[in-house]
Amino acid sequence: MALKMVKGSIDRMFDKNLQDLVRGIRNHKEDEAKYISQCIDEIKQELKQDNIAVKANAVCKLTYLQMLGYDISWAAFNIIEVMSASKFTFKRIGYLAASQCFHEGTDVIMLTTNQIRKDLSSPSQYDTGVALTGLSCFVTPDLARDLANDIMTLMSHTKPYIRKKAVLIMYKVFLKYPESLRPAFPRLKEKLEDPDPGVQSAAVNVICELARRNPKNYLSLAPLFFKLMTSSTNNWVLIKIIKLFGALTPLEPRLGKKLIEPLTNLIHSTSAMSLLYECVNTVIAVLISLSSGMPNHSASIQLCVQKLRILIEDSDQNLKYLGLLAMSKILRTHPKSVQAHKDLVLQCLDDKDESIRLRALDLLYGMVSKKNLMEIVKKLMTHVDKAEGTTYRDELLTKIIDICSQSNYQHITNFEWYISILVELTRLEGTRHGHLIAAQMLDVAIRVKAIRRFAVAQMSALLDSAHLVASSPQRSGICEVLYAAAWICGEFSEHLQEPQQTLEAMLRPKVTTLPGHIQAVYVQNVVKLYAAILQQKEQAADVSAAQEVTQLLVERLPQFVQSADLEVQERASCILQLVKHVQKLQAKDVPVAEEVSALFAGELNPVAPKAQKKVPVPEGLDLDAWINEPLSDSESEDEKPKAMFQDEEQRHAKPRAPEADEQELARRREARRQEQANNPFYIKSSPSPQKRYQDAPGVEHIPVVQIDLSVPLKVPAGMPLSDQYVKLEEERRHRQRLEKDKRKKKKRERERRGTRRHSSLHTESDEDIAPAQRVDIVTEEMPENALPSDEDDKDPNDPYRALDIDLDKPLADSEKLPVQKHRNAETSKSPEKEDVPLMEKKSKKPKKKEKKHKEKEREKKKKVEKGEDLDFWLSTTPPAATPAPEELEVNTTVTVLKTGQEEPRGEEQDADEDREQDLEKKPSKHKKKKHKKDKEERPKDKRKSKKKVPPTDEEAAEPVENGTLDEEPLPPMSSYTLLAENSYIKMTYDVQGSLQKDSQVTVSVVLENQSDSFLKSMELNVLDSLNARLARPEGSSVHDGVPVPFQLPPGISNEAQFVFTIQSIVMAQKLKGTLSFIAKNDEGSTHEKLDFKLHFTCTSYLVTTPCYSDAFAKLLESGDLSMSSIKVDGISMSFHNLLAKICFHHRFSVVERVDSCASMYSRSIQGHHVCLLVKKGEKSVSVDGKCSDPTLLSNLLEEMKETLATC
Amino acid sequence: VPRSRVLNCKTSCLSDFTICLSTATTRISVAPYLCQHLILSYFYIFAHTSEDTQQQIIRETFHLVSKRDENVCNFLEGGLLIGGSDNKLIYRHYATLYFVFCVDSSESELGILDLIQVFVETLDKCFENVCELDLIFHVDKVHNILAEMVMGGMVLETNMNEIVTQIDAQNKLEKSEAGLAGAPARAVSAVKNMNLPEIPRNINIGDISIKVPNLPSFK
């Protein structure tokens, strides 16, 4: 035997191992792919052998190949084999391979559950360790659910090596199985104070990671973390905690105040740059959170900025980078303190390191002012010219636009300069941001009316210049600019100097090489230009010129008619016909200009992007109400599609507002005009020449176009246009200053002559610089009475949203991690345990609402208590940091409590009073002690109160829902149905499956003694069918009954559970059975029997399983579900209650609910997915179901139909 | 054959924290072509990325990192491939090796630079004066060491002594399992390794001057 082993291993010596493989690949550079495919063939052979060592070697090589980019998922099963080897050496190879190539879609992954569980409980810590490491990479929701409890046990392992890994992996488990967070959290919290620094650091790591996503739930841990921060010396832990505080402070400004001092101390004392940097970062976060309330933190800001300056000036590029990064955070709230370091930032713009330049660019955003904008942009423009590589150049381009356009072009004093900058930017070849420039051009031209004349001149030059059209449109995004140019020239054609020339430029044959959407704009704006020219010519009575233009269009438009782009083609052919018609009219000497211009009458005003959303729904308008009552649902099935179609049509019909009579309308119009006239913020349209003909008399027009003639419209050529503007601007400013000084001097003289009270120092501040043009930035229009709320919808796909779980709420009994048990039946049969819930169940109907209410109150109380602990901790800051307003707040709460004393809230009040005293006198040691005592007493109370209202089974029985449904009170529901009844006894039952055991269901039977007799020796027997069998105690025959493990005194009820084994679950079935018992009373005892029929509905095989909408969508997309649907009429119940009923009785959970439509999910014990789409009509409900088994689905829907029929 | 080896340990992406290392070997004398050779890559990613995407990430990262100058900062802003702006590449360059980690904003930048230092020092201890060929031929061992430091994308242990102790204990366990059968295999492997071309022991961690000034050690 030993010889055979040695011989085997000698053979193996000459197998290729990992080193040989690596060497081989390096020696076959020329035909690497061929060599590797050879190796893979060898590996496949090796995997077929029985020897585990050979297999492990093969898997080890595969892992390497995976790294090189080869798919090895085909070997997943072999990997599992190697994972389950008994030797650690092989096991490790297996787990490594699994961690590299397993993912949620790997189907064999479910085979690993038991193997992993075995390894987790292995006596060797390295087996456990390697399993945890592997699992951390490929944990799936199923694995997380099944193993959560095992991992939680490991968190208290004796070896710190295991503990730290178990703690760390819990984060992955929470992500995949959010239900485990609450049960596991107390233990996780314990680990924060673990004696082993590694475990402690792991716990801090996990909690910080959780808190980063949902900080508000972890606020109550602040005192604990504060303690850790002041006591820990581990820099890793400190950094994590300090980062965590950075996330918490925005939620609780008082925390920030408490933190500032220790953090400043750390900044002064630490020698570790990383720690220093994080401290500065968190101080910044604190300052941001305080920025509104606290005036006197300039010292802290100064300290931060100083320290950051040191970092930025450091020769180490890393520190420079981080310094700039942190600086940009300060910039947001304290721009002034950063602006002082402008020199430094500008210097960094010249750094050779791109990462640093990008950071400096970010900072520039906050550094600009009216004064220096031109100078900074000029500098950036030189960078644009020098920049290599399009990424950085594009970044520069976007930054220039950002800087200039920020807060509604606040810093731009001269828009002509800005337009010329934009035009200069169009010279950039190959930028991706052509559309950005175009958008800016459009925006400025539309919103700054004074600039239109200049803009139009520049744009027509752009249209005329060849380089934009010439550059190949595929390569360069810059031709997007032509889109803006064409539109501006067309729309504001009245400003064009030489419209005919521009028209010809737009009709050149080369234009047809542009992308379709640009050509479309060309075609449309050609007509606008044409209209303008016609008008001009007709006024000048130059008939032949007008006809020439028409002729030009008729000749050139066909090139667009042939375009491959539909939009272009359509517009062109339409316009061509129009122009031909005009030509005919012109031939008859009919004046046409006015009519053609009428095509483009009116002015386009900018509208805010959210305007549509913000139009408030007028009172009395119900968008969901039927306009026409739908036809009654009495159509037969085959007519259904038609009916649905009609529905659709009705939905599209527009709501018809009640017609107001003429007078009323006129009155309203007048009122609005008055209001607008008095409202200085209302932007009135100014009449454009195109529009003049239709202006009704009496419409006020306020001319906005007023050009400051200090800036010439035409600048001498020579240097780039924008530079000339810089120069001109300087001169202009200088002139302005002189004038102002003069004025001031006069004023001063006047003052001197007068009272001589102040003499003002002259500094050139931003406000002193008057803009060159009368800028009227038209604000975007919003509908009247727009709702101001600015809701930013949260991303519903955020994977971390599921972890937004309140951790302060006490654990309910139902919240337990699933534990694998061998036999449920035995444990749950014990009568003591079952007693309580049973009583509850019996009495729950009337009480339910009340209890819920109570519970809520209790929760509220708990929250208040929690909050108070935190409040207390927060309020014990050194008195200097406790501002007056807070004391006020406390006082008011106390008075509220005093006036509302009839409420029995003694203990809370004590605490409050305590706190009050603490605040009034400075916290003395004595007081603190007292408070501590209080605290110690409180938990006991908590426990007591918990006992008083034990969490009931209800909670467990209630459907687990992803979406909350508790908007309105639900009617009481019970899942127990009557089984049989006679004068002695009443039996009700419920069937529950569990996902762990795919062929077993548990039948809970509640037996209620209705007689005066004492019932005992109860025995339940069922006639087994082929498909369903009662699980009987070992050794008993099929005909034996199962004894009920309790006796029933008169008037008492109790619950017994029986396990059934089911083969197929797709059909409902009934089992006949008998309960036999002895009834004993004063007169003697009789043997009694009660027959019953146990009904296993298909529903009873479902298990409420929550499902996320993305998983749900994937499931539906997968396409391997069959579909069926039902429709039930005459439903009067509200949709909410209806859903609750389906959830409760049919064990579904709501995936998503939109108005009167909801998607629901459930899963059978054998793993069939069942998806429902429930839609509510006026008085009907339709349910579309999809399920992996068609029979199961149709049976389920039948059952549901019955339930719904009673609604 | 004169060779210049550029070994780059590099990359990876994960929304949490990622590592991967790769190497590029250029044999200038034989043929002027460049081929990238990966030493080690490791992806701790929530959503599975296909092998193709992984390779693309590695190539891109290599491209970004290898063209950077000596005296620039060790951070690279994340591109789309590595999961957007929240993620950063943090790398260190030792002789011919690049160690690249991809981390999100919950990690301290300087802390990760230290972590890389701990990683390299640990490699040095475990391989007794590590050289690039050690890493090339013993990827599995590098993986095992990494697994003791980073687990599922989160930092597990930063204390070098602790890591080395655990690795030594695992090696002992491995040896005892190999037992009788292991001895001849080791002998053969020793013979095979003699055929290796001269092993240049050219990265001596002791000689490498570390650019980050007195970073505190996280002990």
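Residues numbered from 1 in each chain as written. Chains lettered and ligands numbered in written order. Predicted model: local features only at pLDDT ≥ 70, side-chain atom pairs only at ≥ 80, totals over all residues. Heavy atoms only, no water.

Engineer: Could you give me a rundown of the overall build of chain A, with the residues and numbers involved?
Structural biologist: Looking only at helices and strands, chain A has 47 helices and 15 strands in total. Going through the 1207 residues of chain A one by one, you find that 48% of them count as buried. If you take every contact in chain A between residues at least 6 apart in sequence, the share linking residues at least 24 apart comes to 71%. On chain A, roughly 61,200 Å² of surface is accessible, and the fraction owed to carbon and sulfur atoms is 52%. (Helix = DSSP H or I, 4+ residues; strand = E, 2+ residues; numbered from the N terminus. Buried < 20%, exposed > 50% of the residue type's maximum accessible area, 1.4 Å probe, protein only. Contact = heavy atoms within 4.5 Å. Areas by Shrake-Rupley, 256 points an atom, 1.4 Å probe, with all protein chains shown as cover.)

Engineer: How would you summarise the overall build of chain B if you had to cite specific residues and measurements?
Structural biologist: Secondary structure summary: chain B contains 5 helices and 8 strands in total. Listing the helices and strands of chain B from first to last along the sequence gives β-β-β-α-β-β-β-α-α-α-β-β-α. The 219 residues of chain B split such that 58% are buried. In chain B, the proportion of contacts linking residues at least 24 apart, taken out of those at least 6 apart, comes to 56%. With the model as given, the accessible surface of chain B reaches about 8,700 Å², and the carbon-plus-sulfur share is 54%.

Engineer: Requested: an account of the nonpolar core, with residues and values cited.
Structural biologist: Residues and elements named next belong to chain A. Core analysis: the largest hydrophobic core is formed by 277 residues, its most contacted members being F102, F138, F225, F245, W417, Y418 and M441. By residue number, the principal contributor to this core is helix α30 (residues 516-539), which donates 12 residues. Core analysis: the second largest hydrophobic core is formed by 37 residues, V1022, L1030, F1046 and V1103 among them. (Core = buried A, V, L, I, M, F, W, Y, C linked by side-chain atoms within 4.5 Å.)

Engineer: I'd like a description of the sheet that holds strand β6 (residues 1042-1043) of chain A, backed by residues and values.
Structural biologist: The 4 strands are arranged β6-β4-β8-β9 (chain A) in an open sheet whose pairing can be described as antiparallel. Two strands in the sheet have a free side with no partner beyond their single neighbour: β6 and β9 (1084-1096) of chain A. (Pairing = 2+ DSSP bridges.)

Engineer: A description of empty space enclosed by the protein should follow, citing residues and the corresponding values.
Structural biologist: With the rule as written, the count across this model stands at 12 cavities of 30 Å³ or more. Of the pockets and cavities examined, the second largest cavity occupies roughly 190 Å³. Lining the second largest cavity are 18 residues, and of these A:R92, A:V130, A:T133, B:N144 and B:A147 sit closest to its centre. Elements with a minimum of two residues in the lining of the second largest cavity: α6 (88-101), α8 (125-138) and α10 (160-176) of chain A together with α4 (139-149) of chain B. Of the residues contributing to the lining of the second largest cavity, the split by class is 8 nonpolar, 7 polar and 3 charged. (1 Å grid on protein atoms, 1.4 Å probe; cavity = no way out; pocket = protein on both sides within 12 Å on 5 of 7 lines; lining within 4 Å. Points joined across faces, edges and corners; volume = space filled by probe spheres on them. Nonpolar A, V, L, I, M, F, W, Y, C, P; charged D, E, K, R; others polar.)

Engineer: Quick rundown of the pairing of strand β5 (residues 88-94) of chain B? Include the residues and the values.
Structural biologist: Residues and elements named next belong to chain B. Counting buried residues in β5 gives 6 out of 7 residues, a clear majority hidden from the surface. In terms of strand pairing, strand β4 (residues 75-77) meets β5 through 3 bridges, oriented antiparallel. Opposite F75, over in β5, you have I90 as the bridge partner. With 7 bridges connecting them, β5 and strand β6 (residues 97-103) associate as antiparallel partners. Residue pairing for β6: Y91 is matched across the bridge by V100. Linking β5 to β6, which pair antiparallel, is a turn of 2 residues; within it A95 sits at a positive phi near 45°.

Engineer: Explain unusual backbone geometry to me, and be specific about the residues and the numbers.
Structural biologist: The phi torsion at A:A541 lies on the positive side, around 60°, for a residue other than glycine. Mapped onto the elements of the fold, A:A541 is located in the loop between α30 and α31 (543-556).

Engineer: Account for a nonpolar patch on the surface, with residues named and values stated.
Structural biologist: Residues A:F77, A:M110 and A:L111 make up a contiguous nonpolar surface patch of roughly 350 Å² in combined accessible area. For A:L111, the position within the fold is in the loop between α6 and α7 (113-120). (Patch = residues over 30% accessible without salt bridge, like charges linked within 9 Å, V, L, I, M, F, W, Y side chains within 5 Å. Salt bridge = Lys/Arg side-chain N within 4 Å of Asp/Glu carboxyl O.)

Engineer: Could you give an account of the environment of A:N525, naming the residues involved and the relevant values?
Structural biologist: All names here are of chain A. Summarising the element assignment, N525 is placed in helix α30. Residue classification places N525 among the buried residues on the basis of a relative accessible area of 1%. Linking N525 and S493, residues 32 residues apart in sequence, is a C-alpha distance of 9.2 Å. If near-sequence neighbours (up to four positions away) are discounted, N525 is found in contact with A486, W487, G490, E491 and M506. Only 3.0 Å separates the side chain of N525 from the side chain of K528, close enough to count as a polar contact. (Polar contact = N/O pair within 3.5 Å; in protein donor to acceptor, adjacent residues only side chain to side chain.)

Engineer: Can you break down the packing of helix α23 (residues 390-409) of chain A against helix α25 (residues 434-447) of chain A residue by residue, with the values?
Structural biologist: Residues and elements named next belong to chain A. Contact pair α23 / α25: the axes reach a minimum separation of 11 Å and the direction vectors enclose 25°. Taken as axis vectors, α23 and α25 run roughly parallel relative to one another. α23 and α25 meet at a crossing whose hand is left-handed. Contacts between α23 and α25 involve L397, T398, I401, S405, N408 and Y409 on the former and, on the latter, L436, I437, Q440, D443, V444 and R447. Taken together, the residues of the contact of α23 with α25 sort by class into 6 nonpolar, 4 polar and 2 charged. (Axes fitted to C-alpha atoms, helices over the stretch in contact; angles between N-to-C directions. Parallel < 35°, antiparallel > 145°, perpendicular 65-115°, else oblique. Left-handed = near helix turned anticlockwise from the far one by under 90°.)

Engineer: Describe the environment of A:M374, naming the residues involved and giving the relevant values.
Structural biologist: Residue and element names in this part refer to chain A. Secondary-structure assignment places M374 in helix α22 (residues 373-386). We classify M374 as buried; its relative accessible area is 7%. As for M374 and Y725, which are separated by 351 residues in sequence, their C-alpha atoms are 9.0 Å apart. What M374 contacts, discounting residues up to four positions off in sequence, is N414, W417, Y725, V726, E729 and R733.

Engineer: Give a description of the packing of aromatic side chains that names residues and reports values.
Structural biologist: All chains considered together, the criterion is met by 13 aromatic pairs over all chains. Their ring planes at 40° and their centres at 5.0 Å tell us that A:Y321 and B:F75 sit as a pair that is tilted. With A:Y321 in helix α18 (residues 317-333) and B:F75 in strand β4, this residue pair bridges two chains. Judged by relative accessible area, which is 0%, A:Y321 ranks as buried. Assessed through its relative accessible area of 0%, B:F75 is described here as buried. Here the aromatic rings of A:Y984 and A:F1077 are separated by 5.9 Å at their centres, their planes lie at 70°, and the arrangement is edge-to-face. Here A:Y984 is found in the loop between β1 (977-981) and β2 (985-994), whereas its partner A:F1077 is found in strand β8 (residues 1069-1081), with 93 residues between them in sequence. Taken as a pair, A:Y984 and A:F1077 share a single burial class, namely buried. A connected cluster of aromatic rings, assembled from ring pairs, spans A:Y409, A:F415, A:W417 and A:Y418. (Phe/Tyr/Trp six-rings, centres within 6.5 Å; stacked < 30°, edge-to-face > 60°.)

Engineer: I'd like to hear about the pattern of salt bridges, residue by residue, with values.
Structural biologist: Side chains that carry opposite charge are capable of pairing whenever their charged atoms lie near each other. Residues and elements named next belong to chain A. Enumeration over the complete set of coordinates arrives at 33 salt bridges over all chains. A salt bridge links D1024 to R1032; the nearest nitrogen and oxygen atoms lie 2.8 Å apart. Put simply, R359, D362, E395 and K399 are held in one network by salt bridges that share partners.

Engineer: Can you break down the pairing of β6(B) residue by residue, with the values?
Structural biologist: The buried fraction of β6(B) amounts to 7 of the 7 residues, a majority that puts the element mostly inside the structure. Of the two faces of β6(B), the one holding B:L97, B:F99, B:F101 and B:V103 and the one holding B:Y98, B:V100 and B:C102 are both buried throughout.

Engineer: Give a description of the environment of A:E424 that names residues and reports values.
Structural biologist: All names here are of chain A. Relative to the elements of secondary structure, E424 occurs in helix α24 (residues 415-425). Of the residues examined, E424 reaches a relative accessible area of 14% and is grouped as buried. E424 sits 43 residues away from M381 along the chain, and the two C-alpha atoms are 9.1 Å apart.

Engineer: I'd like a description of helix α29 (residues 499-506) of chain A, backed by residues and values.
Structural biologist: Residues and elements named next belong to chain A. Of the residues making up α29, those classed as buried are P499, T502, L503, A505 and M506. Buried residues in α29, looked at end-on, bunch into an arc of 160°, giving them a common side. Those residues of α29 hidden inside the fold are in contact with α26 (452-464), α28 (480-491), α30, α31 and α32 (558-561). (Arc of directions from axis to C-beta.)

Engineer: Requested: an account of the confidence of the model for chain A, with residues and values cited.
Structural biologist: Residue and element names in this part refer to chain A. A residue-level look at chain A finds 71% of positions with pLDDT of 70 or above and a mean pLDDT of 74. Note that residues 754-767 has pLDDT below 50 and, in this model, 13 contacts with residues that lie over four places away or in other chains. Low pLDDT, under 50, characterises residues 823-849; the stretch is placed with 31 contacts to residues that sit more than four places away or in other chains. (pLDDT = per-residue confidence, 0-100.)

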